[in-house]
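Structure at a glance
Single-letter residue listing:
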Amino acid sequence: MNQNKAVTTLQDIIRIPSVNDREHDVAQYIQGLLAEYGINSELVEYQPGRSNLVAELKGTEDGKILVFSGHMDVVAAGDPVDWTYPPFDAHIEDDRMYGRGTTDMKAGVMALVWAMIRLKEDAVAFKGTLRLVLTVGEEIGMYGSKQMTELGYVDDADAILIAEPSGPDQVIYAHRGSLQYQVIAKGKAAHSSTPENGIDALQLIVDYIQESNRRFAEALPHKVNPDMGASFNVNTVIQGGDQINSVAGQVTLSANARTVPEFSNDEIIAIIEDVMAELSSETTGQLELNVLQNNPPAAGGHDSALVQAIRQATGRDIPATVLAGATDASNFGRVEKPHDLAIFGPGVFNLAHALDEYVSVSEYLEFIDIFTESAKAYLV
Ligand SMILES: [Zn+2]
């Protein structure tokens with residue numbers, strides 16, 4: 001493998017501004033690169049301009065199925081003027097490549113691609129299957145991983161490695177789920193001089209917040225994950241009311257719960273629905289639930305065969321840790337067959353979505369080695 005080419009191909013995909021769109025261009029570029037080395041791949045369209053990619057390498061005999069995964073979309077760059085180097089130039093200064101998506105997570109994606117190429121190029125003998133699954137729209141809604149899971153691309157996986165930025169010194173084996181929802185209070189607007197003619201939706205939401213907070217505080221601390229702690233809920237936005245001299249006819253509360261396997265998204269929803277039913281009535285108004293995003297927590301075991309393979313590949317006993325945010329692993333975890341999970345890739349988590357995002361070029365190259373060796377160590 002040519003190291004310069006590994007760097008320039010990463011620059012090439014950074015220069016495709018796949019801001020919640022245009023993943024097709026990234027996928028097509030990677031398809032061309034894989035084809036140069038005799039690896040066939042398939043593009044799975046999510047919608048025009050947005051395609052997931054799947055490629056497979058088969059070993060010399062049957063064995064386990066290892067999925068390498070990453071997302072090809074990036075978040076918006078904000079005002080380019082605020083960046084030291086333009087966000088889609090992939091400018092290299094010393095050991096750092098700057099640009100939107102360097103850390104989150106095109107360096108991870110390209111390191112997986114190059115590890116696959118190297119296994120093929122070096123004709124490494126392994127058992128089983130290495131499958132590359134690259135997704136669209138992870139940053140907003142995780143559309144790609146949802147689609148690929150529904151289409152069965154991870155049904156048979158024994159292990160999934162997602163190359164989100166962890167850096168080389170830890171491997172993440174579990175993360176919280178995320179439930180985004182709205183509770184809508186529907187009352188009846190009336191002149192504030194005659195409130196008895198209306199139904200106060202604002203008061204209903206206040207009552208809902210108080211009662212749901214009380215119920216969450218009572219229930220959540222009893223079912224705790226040893227590494228991640230308890231599930232929790234944060235009320236984030238209130239919108240409602242029309243004007244200062246009217247009783248509010250409708251108020252919407254938005255909230256985001258962050259969950260652990262021990263207290264699931266469904267159990268949170270059950271509490272919400274219970275409180276809603278308790279407070280809704282002809283005289284107090286009606287509460288409705290609107291679930292916007294329902295991503296379960298992901299967990300794979302902190303000492304799984306995949307985590308051990310990664311430790312073997314790094315030659316170090318790196319710690320297995322947990323992550324507060326959600327990844328595509330939430331959707332992959334919906335399949336019936338349990339799988340090992342590792343979230344492990346080049347980059348610095350705190351630089352994700354930040355100004356002047358960068359990745360260390362040497363760390364990116366190091367991860368190509370680590371991914372190659374991890375696949376070899378796992379697929380035995
Ligand atoms: Zn990411």
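For the structure, see preceding data.
Just so you know, these numbers come straight off a predicted model, no measurement behind them. (Residues numbered from 1 in each chain as written. Predicted model: local features only at pLDDT ≥ 70, side-chain atom pairs only at ≥ 80, totals over all residues. Heavy atoms only, no water.)

Six octahedral donors at a metal ideally form angles of 90 or 180 degrees, and four tetrahedral donors ideally form angles of 109.5 degrees. Here the zinc ion is held by His-71 (NE2), Asp-104 (OD), Glu-164 (OE) and Glu-164 (OE), and the distances to it run 1.9 to 2.7 Å. Geometry at the zinc ion is irregular, judged from the 4 donor atoms that bind it and their angles of 53 to 146 degrees at the metal. (Donors = N, O, S within 2.8 Å, 3.2 Å for Na, K, Ca; no water. Tetrahedral: all angles 85-135°; square planar, octahedral: opposite > 155°, others 65-115°.)

As a further point, take the packing of aromatic side chains. By the definition in use, this model includes 8 aromatic pairs. With a centroid separation of 5.3 Å and an interplanar angle of 10 degrees, the aromatic rings of Tyr-46 and Tyr-143 are classed as stacked. Of this pair, Tyr-46 sits in strand β1 (residues 41–47) while Tyr-143 sits in helix α4 (residues 143–150), and the two are 97 residues apart along the sequence. On the accessibility criterion, Tyr-46 (30% relative accessible area) is partly exposed. By the ring-pair criterion, three or more aromatic residues cluster together here, those being Phe-68, Phe-344, Phe-367 and Phe-371. Taking the ring centre of Tyr-378 as reference, the NZ or CZ of Lys-64 above it sits at 4.0 Å. (Phe/Tyr/Trp six-rings, centres within 6.5 Å; stacked < 30°, edge-to-face > 60°. Helix = DSSP H or I, 4+ residues; strand = E, 2+ residues; numbered from the N terminus. Buried < 20%, exposed > 50% of the residue type's maximum accessible area, 1.4 Å probe, protein only. Lys NZ or Arg CZ within 6 Å of the ring centre and 35° of its normal.)

In this fold, Arg-50 is placed in strand β2 (residues 50–58). Overall, Arg-50 belongs to the buried group, its relative accessible area being 5%. Along the backbone, Arg-50 and Phe-371 are 321 residues apart, and their C-alpha atoms lie at a distance of 26 Å. The residues touching Arg-50, leaving out its near neighbours within four places in the chain, are Asn-20, Asp-21, Arg-22, Glu-23, His-24, Val-44, Glu-45, Val-136, Gly-137 and Tyr-143. (Contact = heavy atoms within 4.5 Å.)

The next thing to look at is the layout of surface pockets. If you add up the space inside the largest pocket, you get close to 400 Å³. Lining the largest pocket are 23 residues, with Glu-138, Glu-139, Gly-325, Ala-326 and His-353 sitting closest to its centre. Secondary structure elements with two or more residues in the lining of the largest pocket: β9 (177–186) and β14 (286–295). A class-by-class count of the residues in the lining of the largest pocket yields 9 nonpolar, 9 polar and 5 charged. Formed jointly, the lining of the largest pocket draws a minimum of three residues from each of two domains, domain 1 (3–176 + 297–378) and domain 2 (177–295). Approximately 170 Å³ is the volume found for the second largest pocket. As for the second largest pocket, its lining consists of 14 residues, and the residues nearest its centre are Pro-297, Ala-298, Ala-299, Gly-333 and His-339. (1 Å grid on protein atoms, 1.4 Å probe; cavity = no way out; pocket = protein on both sides within 12 Å on 5 of 7 lines; lining within 4 Å. Points joined across faces, edges and corners; volume = space filled by probe spheres on them. Nonpolar A, V, L, I, M, F, W, Y, C, P; charged D, E, K, R; others polar. Domains from an automatic or database assignment.)

Let's shift gears to the pairing of β1. As defined by bridge partners, β1 adjoins β2 across 6 bridges and the pair is classed as antiparallel. Note on β2: the bridge partner recorded for Ser-41 is Ala-55. (Pairing = 2+ DSSP bridges.)

Within helix α3 (residues 102–121), 18 of the 20 residues are buried, which leaves it mostly tucked inside the rest of the structure. In the segment just after α3, Ala-123 is the residue with positive phi, at about 50 degrees.

Under the criterion given, the structure shown has 20 salt bridges. Lys-5 is the salt-bridge partner of Glu-36, the closest N and O atoms lying 2.5 Å from each other. Linking Glu-36 in helix α2 (residues 23–36) with Lys-5 in helix α1 (residues 3–14), this pair joins segments that are 31 residues apart in sequence. Residues Glu-56 and Arg-131 are paired through a salt bridge, measuring 2.6 Å at the closest nitrogen-oxygen approach. Of the two residues, Glu-56 sits in strand β2 while Arg-131 sits in strand β6 (residues 127–135), which places them 75 residues apart along the sequence. (Salt bridge = Lys/Arg side-chain N within 4 Å of Asp/Glu carboxyl O.)

In this section: the sheet that holds strand β4 (residues 92–93). As summarised here, the arrangement of the 3 strands in space is β4-β5-β18, forming an open sheet in which the pairing is antiparallel. This sheet does not close on itself; its edge strands, each paired only once, are β4 and β18 (358–360). Of the strand pairs in this sheet, strand β5 (residues 96–98) and β18 are connected by 3 bridges, and their pairing is antiparallel. Counted as the bridge partner of Met-97 is Val-359 from β18. In the packing of α1 onto the sheet, the strands contacted are β4, β5 and β18, and the crossing angle to β5 comes to about 20 degrees. The sheet strands contacting α3 are β5 and β18, and the helix crosses β18 at an angle near 45 degrees. (Axes fitted to C-alpha atoms, helices over the stretch in contact; angles between N-to-C directions.)

Moving on, we get to the side chain of Glu-357. Within the element layout of this structure, Glu-357 appears in the loop between β17 (340–343) and β18. At 2.8 Å, the side chain of Glu-357 forms a polar contact with the backbone nitrogen of Asp-104. Apart from the residues within four sequence positions on either side, Glu-357 is in contact with Trp-83, Met-97, Tyr-98, Gly-99, Arg-100, Gly-101, Thr-102, Thr-103, Asp-104 and Leu-351. (Polar contact = N/O pair within 3.5 Å; in protein donor to acceptor, adjacent residues only side chain to side chain.)

Let us look at the nonpolar core. It is characteristic of soluble globular proteins that their nonpolar side chains tend to be buried jointly. Ranked by internal contacts, the top residues of the largest apolar core, which has 65 residues, are Leu-34, Phe-68, Val-113, Leu-132, Tyr-364 and Phe-371. Membership of the second largest hydrophobic core comes to 25 residues, among which are Tyr-181, Ile-209, Ala-248 and Ile-268. (Core = buried A, V, L, I, M, F, W, Y, C linked by side-chain atoms within 4.5 Å.)

One open sheet holds the 4 strands; their spatial order is β11-β13-β9-β14, and the pairing between them is antiparallel. Since the sheet does not close on itself, it has two edges, and those belong to β11 (232–240) and β14, each with one partner. Averaged over all pairs of adjacent strands, the angle between their axes in this sheet comes to 20 degrees, without regard to strand direction. Inspection of the sheet shows β9 paired to β14 by 9 bridges, in the antiparallel sense. Residue Gln-180 lies in a different strand from β14, and its bridge partner there is Gln-293. With respect to the sheet, helix α5 (residues 201–219) is in contact with β9, β11, β13 (250–259) and β14, its orientation differing from that of β9 by roughly 145 degrees. Against the sheet, helix α6 (residues 265–279) touches β9, β13 and β14, its axis set at about 170 degrees to β14.

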